[in-house]
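Structural features, examined
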Amino acid sequence: RYGVIGAIDPVTKAKMYPQLVGAKTAAGGQRTGLAQTRQMRGVLPKADFVRMYDSAIPKVVKSHGQAVADIMTYHAATFNRPEQLLGLKKDDVFVSGDEITVRGKKDIDNKHRPELTFKLNSPMGQLLKRNFDSTSEFLFDVTEKEMDEAFARHISPQLEKYSNILPVVEDKSRDAPGKVV
C-alpha cells in the first residue's frame, strides 16, 4: 500500500521507506531514516568555491581537455545538475543576434534547469559557442566518466578541508554523522 508517508508493508504495517520530512507536510522534502540524511553542516564560502575552480580548471584542461574544463566551468557557474549538462543537446541551445541561450527544462521530478542567456562576447558566451560549434550532437561532448575523473582529481582534494561542513556519503570509513570510524 502507498500513502502520503510512503509504502507500508501490508503484513507488518511497518513503513518500508522513510517518511519524507522538511516541507511542513506529511510528504515533506528530504529523506531520513533508511536513506540517511546528508545535510550541509555549514556553508562553503563562495570566494573559496570560486578559488577552487579557478585553480582547478587550468589543470583540467591539461589532464582532460578543454571540453571537460568547459562543462565543469558551466556547472560551477550555473549549479545545473551534471546529468542534465551531460545530456544537453545542441537543439536546446540557440544563437540570436549577439546572445546565446540555453533553453530551460521543467521536469516532473522538480529538477528544473533555468533558461540562461549570455552575451556571445562574454566568457560564458564564448564557452557555450565553442562547444556549440563542435561536431557532437551534445553541447558538451564529454562522458560522465571523464567529468567524474576530472572532478575527483582536481576538485575533490580541495573539498577535503571542508569535510566538517559538507554532506558526507557513508562508506566503510565514516558513520552517518561523518565521524571517521
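Just so it is clear, the structure is predicted and the values come from calculations on it, not from any experiment.

Moving on, we come to the nonpolar core. Across soluble globular proteins, nonpolar side chains have a tendency to be buried as a group. Tyr53, Ile71, Met72, Tyr74, Leu128, Phe140 and Val142 are the most contacted members of the largest nonpolar core, which has 32 residues in total. Counting residues per element, the ones that place at least two in this core are helix H1 (46–64), helix H2 (66–78), helix H3 (82–86), strand S6 (99–102), helix H4 (123–132) and helix H5 (144–154). Not counting residues up to four positions away in its chain, the partners in contact with Met72 are Tyr53, Ile57, Val60, Met147, Ala150, Phe151 and Ile155.

Turning our attention to the sheet that holds strand S5 (residues 93–96). Here three strands make up an open sheet; going across it, the order is S5-S6-S7 and the pairing antiparallel. Sheet topology places S5 and strand S7 (116–119) at the edges, where each strand pairs with a single neighbour. The average angle at which neighbouring strand axes cross in this sheet is 20°, direction not considered. Relative to S7, S6 is paired through four bridges, and the arrangement is antiparallel. Following the sheet pairing, Ile100 is matched in S7 by Phe118.

Our next topic: the pattern of salt bridges. Within the structure shown, the criterion is met by seven salt bridges. Arg130 is the partner of Asp70 in a salt bridge, and the nearest nitrogen-oxygen pair spans 2.8 Å. Linking Asp70 in helix H2 with Arg130 in helix H4, this pair joins segments that are 60 residues apart in sequence. Its relative accessible area of 2% is what places Asp70 among the buried residues. Overall, the relative accessible area of 41% leaves Arg130 in the partly exposed class. With a closest N to O distance of 2.9 Å, Asp133 and Lys129 form a salt bridge. Looking at Asp133, the relative accessible area reads 49%, which means it is partly exposed. According to the relative accessible area criterion, Lys129 is partly exposed, its value standing at 29%.

About the cut-offs
- Residues numbered from 1 in each chain as written.
- Predicted model: local features only at pLDDT ≥ 70, side-chain atom pairs only at ≥ 80, totals over all residues.
- Heavy atoms only, no water.
- Core = buried A, V, L, I, M, F, W, Y, C linked by side-chain atoms within 4.5 Å.
- Buried < 20%, exposed > 50% of the residue type's maximum accessible area, 1.4 Å probe, protein only.
- Helix = DSSP H or I, 4+ residues; strand = E, 2+ residues; numbered from the N terminus.
- Contact = heavy atoms within 4.5 Å.
- Pairing = 2+ DSSP bridges.
- Axes fitted to C-alpha atoms, helices over the stretch in contact; angles between N-to-C directions.
- Salt bridge = Lys/Arg side-chain N within 4 Å of Asp/Glu carboxyl O.

Scope: geometric values only; no functional claims are made or implied.
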